[in-house]
Amino acid sequence: IYKKTTQTEVDTAFLYESIANLQDDENLKNVLMALREIELGHANTMLELLKKEQSNYQMPQPSSRARLQLWLGKYFGYDSFKPTQLSIIESKLSG
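Residues numbered from 1 in each chain as written. Predicted model: local features only at pLDDT ≥ 70, side-chain atom pairs only at ≥ 80, totals over all residues. Heavy atoms only, no water.

Caption draft 1: Main features of the packing of aromatic side chains. As enumerated under the stated definition, the model contains one aromatic pair in all. With a centroid separation of 4.9 Å and 55° between ring planes, the pair formed by Trp 71 and Tyr 75 is classed as tilted. Here Tyr 75 and Trp 71 lie together in helix α3 (residues 64–76), a separation of four residues that amounts to about one turn. By relative accessible area, which is 47% here, Trp 71 ends up partly exposed. We note Arg 67 situated over the ring of Phe 14; from NZ or CZ to the ring centre the distance is 5.3 Å. (Phe/Tyr/Trp six-rings, centres within 6.5 Å; stacked < 30°, edge-to-face > 60°. Helix = DSSP H or I, 4+ residues; strand = E, 2+ residues; numbered from the N terminus. Buried < 20%, exposed > 50% of the residue type's maximum accessible area, 1.4 Å probe, protein only. Lys NZ or Arg CZ within 6 Å of the ring centre and 35° of its normal.)

Caption draft 2: A look at the environment of Met 33. Take Met 33: it is sitting in helix α2 (residues 26–53). Taking the C-alpha atoms as reference, Met 33 lies 9.2 Å from Ile 19; in sequence the two are 14 residues apart.

Caption draft 3: Region of interest: helix α1 (residues 2–20). In this model α1 runs 27 Å from its N-terminal to its C-terminal C-alpha over 19 residues, within 8% of the 27 Å that 1.5 Å per residue would give. Looking only at α1, the buried set comprises Thr 6, Glu 9, Val 10, Asp 11, Thr 12, Ala 13, Phe 14, Leu 15, Tyr 16, Ser 18, Ile 19 and Ala 20. (Expected span 1.5 Å × (residues − 1).)

Caption draft 4: Region of the structure containing the pattern of salt bridges. Under the definition given, this model contains two salt bridges. Of the charged contacts, one joins Arg 36 and Glu 17 as a salt bridge, the two residues approaching to 3.2 Å between their closest N and O atoms. Here the residue Arg 36 occupies a position in helix α2, and Glu 17 occupies one in helix α1, the gap between them amounting to 19 residues. With relative accessibility at 28%, the residue Glu 17 sits in the partly exposed group. The closest approach of N and O atoms between Glu 37 and Arg 36, which form a salt bridge, is 2.4 Å. We classify Glu 37 as partly exposed; its relative accessible area is 45%. It is possible to trace a salt-bridge network through shared partners that takes in Glu 17, Arg 36 and Glu 37. (Salt bridge = Lys/Arg side-chain N within 4 Å of Asp/Glu carboxyl O.)

If you want it as structure tokens, here you go:
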């Protein structure tokens, strides 16, 4: 479960950063980058737990799925994957 959660955190951080870099509004960019930092903090916490089980485990790169979402967002708008982001947040809240 830690691997899946770590990947989700990395993907979410990647998307926040990628979308932030496209923003003209500095306030929105700052908010997205702050959210990225939160997600990276979560990923680092999961990584430390994983390293207790597998000492050589490395932080994963953004998944193909996250890269595809970003690519699709360029063509269909970034709101096209907002439901996915909301479902990730909701799943975190529900435990």
